[in-house]
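Here is how the chains run, residue by residue.
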Amino acid sequence: MAARKSVKKPNVSADELLEYYREMLLIRRFEEKAGQLYGMGLIGGFCHLYIGQEAVVVGLEAAAEEGDKRVTSYRDHGHMLACGMDPNGVMAELTGREGGYSKGKGGSMHMFSKEKHFYGGHGIVGAQVPLGAGLAFSDKYKGNDRVTFAYFGDGAANQGQVYETYNMAQLWDLPVVFVIENNQYAMGTSVQRSTKSPALWKRGEAYGIKGEEVDGMDVLAVKEAGERAVAHCRAGKGPYILEVKTYRYRGHSMSDPAKYRTREEVQKMREERDPIEQVRDMLLTGKHATEDDLKAIDKEIKDIVNKSADFSKESPEPALDELWTDIYADELPQETA
Ligand SMILES: Cc1ncc(C[n+]2csc(CCOP(=O)(O)OP(=O)(O)O)c2C)c(N)n1
Ligand SMILES: [Mg+2]
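Cut-offs and rules
Residues numbered from 1 in each chain as written. Chains lettered and ligands numbered in written order. Predicted model: local features only at pLDDT ≥ 70, side-chain atom pairs only at ≥ 80, totals over all residues. Heavy atoms only, no water. Helix = DSSP H or I, 4+ residues; strand = E, 2+ residues; numbered from the N terminus. Rg over C-alpha atoms; globule rule 2.2 N^0.38 Å. Buried < 20%, exposed > 50% of the residue type's maximum accessible area, 1.4 Å probe, protein only. Contact = heavy atoms within 4.5 Å. Areas by Shrake-Rupley, 256 points an atom, 1.4 Å probe, with all protein chains shown as cover. Lys, Arg positive; Asp, Glu negative; His and termini not counted. Charge placed at Lys NZ, Arg CZ, Asp CG, Glu CD. Pairing = 2+ DSSP bridges. Axes fitted to C-alpha atoms, helices over the stretch in contact; angles between N-to-C directions. Near = heavy atom within 4 Å. Polar contact = N/O pair within 3.5 Å; in protein donor to acceptor, adjacent residues only side chain to side chain. Nonpolar A, V, L, I, M, F, W, Y, C, P; charged D, E, K, R; others polar.

Trainee: Just checking my understanding: could you explain the overall build of the protein chain for this structure?
Mentor: Along the backbone of the protein chain there are 11 helices and 7 strands. Scaling as 2.2 N^0.38, a compact globule of 337 residues should have a C-alpha radius of gyration of about 20 Å, and the protein chain matches this with 20 Å. Split into buried and exposed, the 337 residues of the protein chain put 51% on the buried side. The long-range share in the protein chain, meaning contacts at least 24 apart out of those at least 6 apart in sequence, stands at 75%. Carbon and sulfur atoms provide 52% of the accessible area of the protein chain, an area that totals close to 16,100 Å². Here the protein chain contributes 44 positive and 53 negative side-chain charges, whose respective centroids are spaced 5 Å apart.

Have a look at this one:
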């Protein structure tokens, strides 16, 4: 096994580190369980796992405050858990059950929570970028100091709508953090194959938007960069770009055999850069926790995840007349009613 990189001395409290460990582990175990349920045929449709990328959303949520908003792509379960949505409701939505966040009618890519200010879950690549600017516009219009996090991938970062949004966001000083989760691949296409100028964080320069590159496998680095971005936005200075370098361990979705990269590449990342293992090392070497403490946390997380799986199996399928709720039309035309 290759040696992991040397452990940095963290500038955080033991409690904070333990919290990040717990939150990242919850996402990791939840996603593993979702993968299992998918394999058992209990989850249908699309399912994009976030395993490997946990430090991105946990680090940025640590920089967020109550009332801040978030919007993301279809790779969204981690974002929901990190902002405090209920694992039972998320898992039940994955299995298409009544107890799910969209009453079992949305599935993996279409969940929302007004309470936690989570605005989806979007299957159209890049669609969440202008939506994020719109959310930030609403806060600016209302005169509060909320910030929106608009997460998107390296593939999405090549889209035209992203640059139209950059222009308007900077023109109107919108409080939005554009978070590019650069996990090195867009489906089976590596960044090297798709992208001429790979410094995605620099692409706001043409509009005067400040940006920076962040190590997305290091939750503390992500949190610190997130705090800089949020402070910039809250001070009324407009948008900020964070290109967070991360890696997804699983395929693009559950149906991806991942033949475009070697097993060794994935293995190397897992062994040398894993975000959860890095925090585990800090906790142990800093004597903030013992092996037994961490075992107890592992058990606690496993219980939460198992409970969510049980809930998602026991919750009933949506009743047929649910088809006619939560749709735009108040009344159906006579001939289709
Ligand atoms: C407008 C649009 N074009 C193409 C697709 C098909 N598609 C789904 S995911 C994806 C790759 C996006 O990659 P990236 O932005 O890097 O996000 P990641 O999946 O790595 O999180 C593509 C091309 C889509 N859903 N929407
Ligand atoms: Mg990607």
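Now that the structure has been shown, we can carry on.
Trainee: Explain the sheet that holds strand β3 (residues 176-182) here, please?
Mentor: The strands that make up a sheet are held in pairs by hydrogen bonds between backbone atoms, and each pair lies either parallel or antiparallel. Read from one edge to the other, the open sheet built from 5 strands follows the order β1-β2-β3-β7-β6, with strand pairing classed as parallel. Either end of the sheet is taken by a strand with one partner, and the two such strands are β1 (69-71) and β6 (210-215). For this sheet, the mean inter-axis angle between neighbouring strands, taken without regard to orientation, is 20 degrees. Note: strand β2 (residues 148-153) against β3, 6 bridges, orientation parallel. Note that in β3 the partner of A150 across the bridge is F178. Those strands touched by helix α5 (residues 128-142) are β1, β2 and β3, and its axis lies near 175 degrees from that of β2.

Trainee: Looking at this structure, how should I read the site of ligand 1?
Mentor: As a matter of local geometry, ligand 1 sits amid 15 residues, with Y74, R75, G155, A156 and N183 nearest to it. Contacts to ligand 1 include N183, whose side-chain N or O atom sits 2.9 Å from an oxygen atom. Between Y185 and ligand 1, the recorded distance is 2.9 Å, taken from a backbone N or O atom to an oxygen atom. Protein burial of ligand 1: of its 590 Å² of free accessible surface, 71% is covered by the chains. Residue composition of the shell around ligand 1, grouped by class: 7 nonpolar, 6 polar and 2 charged.

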